Amino acid sequence: MVNGRTSETDLINPAIALIARYGDEENGLEIAVLAKKLREIIRPTAADLMPLKGRSDDRLSQVIRNLVSHRALEKRGLATYRKGEALTRGSYVLTDLGKASVKESWARRLR
């Protein structure tokens, strides 16, 4: 956490655990589903829930979007981003490194 706010780095382990738990082997986990499930398991701080100026969403929503737009999982070799005809916002599929990197604490928490 940075300044009492959830950072992209804070979301990496939960994201790969969610992809492993809820994602399909071939198609992965859709970004919209990943975002929803991240919000369900992350304990947002007051700062995370502050609305963004001129927008209808909060800071945590922005951090989750940044996780995707900055390709944080791809840069670490944990997942690949896929976008196909059937996927409106794309999905993440875990790489072998991503599968091996799923933290036990998150895996147990999601069971």
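Here is what the cut-offs are and how they apply
- Residues numbered from 1 in each chain as written.
- Predicted model: local features only at pLDDT ≥ 70, side-chain atom pairs only at ≥ 80, totals over all residues.
- Heavy atoms only, no water.
- Core = buried A, V, L, I, M, F, W, Y, C linked by side-chain atoms within 4.5 Å.
- Buried < 20%, exposed > 50% of the residue type's maximum accessible area, 1.4 Å probe, protein only.
- Helix = DSSP H or I, 4+ residues; strand = E, 2+ residues; numbered from the N terminus.
- Contact = heavy atoms within 4.5 Å.
- Salt bridge = Lys/Arg side-chain N within 4 Å of Asp/Glu carboxyl O.

Participant: Hey, could you go over the nonpolar core for me, with residue numbers and the actual values?
Facilitator: Buried together is how nonpolar side chains tend to be arranged in soluble globular proteins. Counting residues in each nonpolar core, the largest one holds 26 residues, and the members touching the most others are Leu 11, Ile 19, Leu 34, Leu 38, Leu 67, Leu 73 and Tyr 92. Those elements giving two or more residues to this core turn out to be helix 1 (8-22), helix 2 (31-41), helix 3 (59-69), helix 4 (72-75) and strand 3 (91-94). With 7 residues, helix 1 is the single largest residue contributor to this core. In this structure Leu 34 touches Ala 15, Leu 18, Ile 19, Leu 29 and Tyr 92, once residues within four positions along its chain are discounted.

Participant: Pulling in residues and values, what's your account of the pattern of salt bridges?
Facilitator: Summed over the entire model, instances satisfying the criterion amount to 5 salt bridges. Of the charged contacts, one joins Asp 57 and Arg 65 as a salt bridge, the two residues approaching to 2.5 Å between their closest N and O atoms. The partner of Arg 71 in a salt bridge is Glu 74, with the nearest N and O atoms 3.0 Å apart. The exposure class of Arg 71 is partly exposed, given its relative accessible area of 29%. Glu 74 gets classed as partly exposed once you look at its relative accessible area, which sits at 29%. If you follow the salt bridges from partner to partner, you end up with Arg 55, Asp 57 and Arg 65 in one network.

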